[in-house]
Amino acid sequence: MLTGGHVLETGLPDGRYVAPTVVADVPHDHPLAREEQFVPFLTLHPVADLAEGIARSNDSEYGLCAGLFSTDDGEIARWLDEVESGMCYVNRAKSATTGALVGAQPFGGWKVSGTTGTFAGGYDYLRQFTREQSRTVVGRAFPETDR
């Protein structure tokens, strides 16, 4: 463990809280590295190159957020084309791989991290709260009896 790791309890409402935690000794196949935690918990996994990084990122049933730091335009383009994630960030220093930019981006993931291709807050999101119906009335059913 590089930092953090302790449970926070004082002055918080009921729930589970952990201090921001960074670890470097968790294997790639460990549940802490493979499951969505929804706490400030980060596992570090060195990779040899971009291809291995993309392969490891995509080797998951989840795909909510992903982030990359790079100055190489070709590398950035390849990563954006190949990474399997709903929200992708390049060179975002603050919250590099978490959440959408409120008011600017829809929120949603791919694979098990998302239930539809329509993300919350996006233009198509409103359609989830509507009921579409097509109505057609062509004249009267029995015009000769309508006297």
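Since the structure is predicted, the reported quantities are computational estimates derived from the model, not experimental observations. Once a new chain begins, its residue numbering starts again from 1 and follows that chain's sequence as written. Totals for whole chains, interfaces and linings use all residues, but because this is a predicted model, local features are given only for residues with pLDDT of at least 70 and pairs of side-chain atoms are given and counted only at 80 or more. Water and hydrogen atoms play no part in the side-chain values, which are based on all heavy atoms of the structure.

K.L.:
What is the right way to read the overall build of the protein from this model?
P.N.:
We count a stretch as a helix when DSSP gives it H or I for four or more residues in a row; a strand needs E for two or more, and each element gets its number in order from the N terminus. From N to C terminus, the protein includes three helices and six strands. Secondary structure elements of the protein, listed N to C terminal, follow the sequence β-α-β-α-β-β-α-β-β. Out of the 147 residues in the protein, the part that is buried amounts to 19%. Across the protein, contacts joining residues at least 24 apart in sequence account for 31% of those joining residues at least 6 apart. A simple rule labels every residue: compare its accessible area, found with a 1.4 Å probe on the protein chains alone, to the largest value its type can have, and call it buried under 20%, exposed over 50%, or partly exposed in between. By definition in these notes, contact holds between two residues if any of their heavy atoms fall within 4.5 Å.

K.L.:
Before we go on, may I ask you to explain the pattern of salt bridges in this structure?
P.N.:
Pairing is possible between side chains that carry opposite charge, provided their charged atoms lie close to one another. Salt bridges are identified by distance alone: a Lys or Arg side-chain nitrogen within 4 Å of an Asp or Glu carboxyl oxygen. Summed over the entire model, instances satisfying the criterion amount to four salt bridges. The shortest N-O distance in the salt bridge between arginine 78 and glutamate 82 comes to 3.1 Å. Of this pair, arginine 78 and glutamate 82 both sit in helix α3 (residues 73-82), four residues apart, roughly one helical turn. The exposure class assigned to arginine 78 is partly exposed, which follows from its relative accessible area of 36%. Residue classification places glutamate 82 among the partly exposed residues on the basis of a relative accessible area of 35%. Where glutamate 84 meets lysine 111, a salt bridge forms, and the shortest distance between an N and an O atom there is 2.7 Å.

K.L.:
Sorry, what's going on with the side chain of serine 70 here?
P.N.:
For serine 70, the position within the fold is in the loop between β4 (65-68) and α3. Residues adjacent in sequence count toward polar contacts only when both atoms are side-chain atoms; beyond that, a polar contact is any pair of N or O atoms within 3.5 Å, and within protein one must be able to donate a hydrogen and the other to accept it. From its side chain, serine 70 meets the backbone nitrogen of aspartate 72 in a polar contact 3.1 Å long. Each residue touching serine 70, except ones within four places of it in the same chain, is listed here: Glu75, Ile76 and Asn91.

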